[in-house]
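# Breakdown of the fold
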Amino acid sequence: MTNETSVITLTSEATDKLKSIIDEEGQAGAALRVLIVPSGEGFQYMLSLEDAPKDDDLVVEQDGVTVLIDEESAPLMEGTLIDYVDNLMRSGFVISNPNLQMGGGCGGGGCGGNCACGQ
């Protein structure tokens, strides 16, 4: 699939954290895969590191970080923002997706269109 930059946006905090994770894992050149899967009455985000895109992936490049989105998840990711927060209340990736108003969730809990995916 083509290289798109408008589908998903990462904050500088998110790109910095992803670069740090990729370095810590010793996976130079790895990309972040973002999947949306049905979960109960909503959806769940799944994040993983992968070495290379698949033929039908949407590839997003931003500030030295590559994000891979599968063909089925891409329409649901339009306009999504990924941030990283680290404070007293929580630490992890926060996904704000205007397309998913019900359900949502990273690793279990529902959180509407905003979701904190802990490390």
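These numbers were taken from a predicted model, which means no experiment stands behind them.

Taken across its five residues, strand β5 (residues 65-69) has five buried, putting it largely inside the fold. On β5, burial covers both faces: Val65, Val67 and Ile69 on one face and Thr66 and Leu68 on the other are all buried. Pairing of strand β2 (residues 31-39) with β5 involves three bridges; the strand directions are parallel. Among the inter-strand pairings, Leu32 is bridged to a residue of β5, identified as Val67. The turn linking strand β4 (residues 58-62) back onto β5 is made up of two residues, and Asp63 within it adopts a positive phi angle of 50 degrees.

A separate point is the nonpolar core. Note that soluble globular proteins tend to have their nonpolar side chains buried in a common cluster. One finds Ile8, Val67, Ile69, Met77 and Ile82 to be the most contacted residues of the largest nonpolar core, which totals 22 residues. At the level of elements, β1 (8-10), α1 (12-24), β2, β4, β5, α2 (74-77), β6 (80-86) and β7 (91-96) are the ones that each hand at least two residues to this core. Every residue in contact with Ile8, bar those within four places of it in the chain, is listed here: Val60, Gln62, Val67, Ile69, Met77, Thr80 and Ile82.

Looking now at the environment of Glu13. Its place among the elements puts Glu13 in helix α1. Between the C-alpha atoms of Glu13 and Val85, which are 72 residues apart in sequence, the distance is 7.6 Å. Dropping the residues within four chain positions of it, Glu13 is found in contact with Asp83 and Tyr84.

Centre-to-centre distance and the angle between the planes together describe a pair of aromatic rings. Under the criterion given, the structure shown has one aromatic pair. Judged by centre distance (5.1 Å) and plane angle (70 degrees), the ring pair of Tyr84 and Phe93 falls under edge-to-face. Of the two residues, Tyr84 and Phe93, both sit in the buried class.

By the element assignment, Asp51 lies in the loop between β3 (42-50) and β4. C-alpha of Asp51 to C-alpha of Gly29: the two residues are 22 residues apart in sequence and 6.8 Å apart in space.

For the protein, the average pLDDT comes to 81, and 79% of its residues sit at 70 or higher. Mean pLDDT across the elements of the protein bottoms out in strand β8 (residues 114-118) (46) and peaks in α1 (95). Predicted confidence is poor over residues 102-119, with pLDDT under 50, and the contacts of this stretch with residues over four places away or in other chains come to 56 contacts.

As a further point, take unusual backbone geometry. Of note in this structure, Asp63 is not a glycine but carries a positive phi near 50 degrees. Tracing the backbone through its elements, the reader meets Asp63 in the loop between β4 and β5.

The rules behind each value
Residues numbered from 1 in each chain as written. Predicted model: local features only at pLDDT ≥ 70, side-chain atom pairs only at ≥ 80, totals over all residues. Heavy atoms only, no water. Buried < 20%, exposed > 50% of the residue type's maximum accessible area, 1.4 Å probe, protein only. Helix = DSSP H or I, 4+ residues; strand = E, 2+ residues; numbered from the N terminus. Pairing = 2+ DSSP bridges. Core = buried A, V, L, I, M, F, W, Y, C linked by side-chain atoms within 4.5 Å. Contact = heavy atoms within 4.5 Å. Phe/Tyr/Trp six-rings, centres within 6.5 Å; stacked < 30°, edge-to-face > 60°. pLDDT = per-residue confidence, 0-100.

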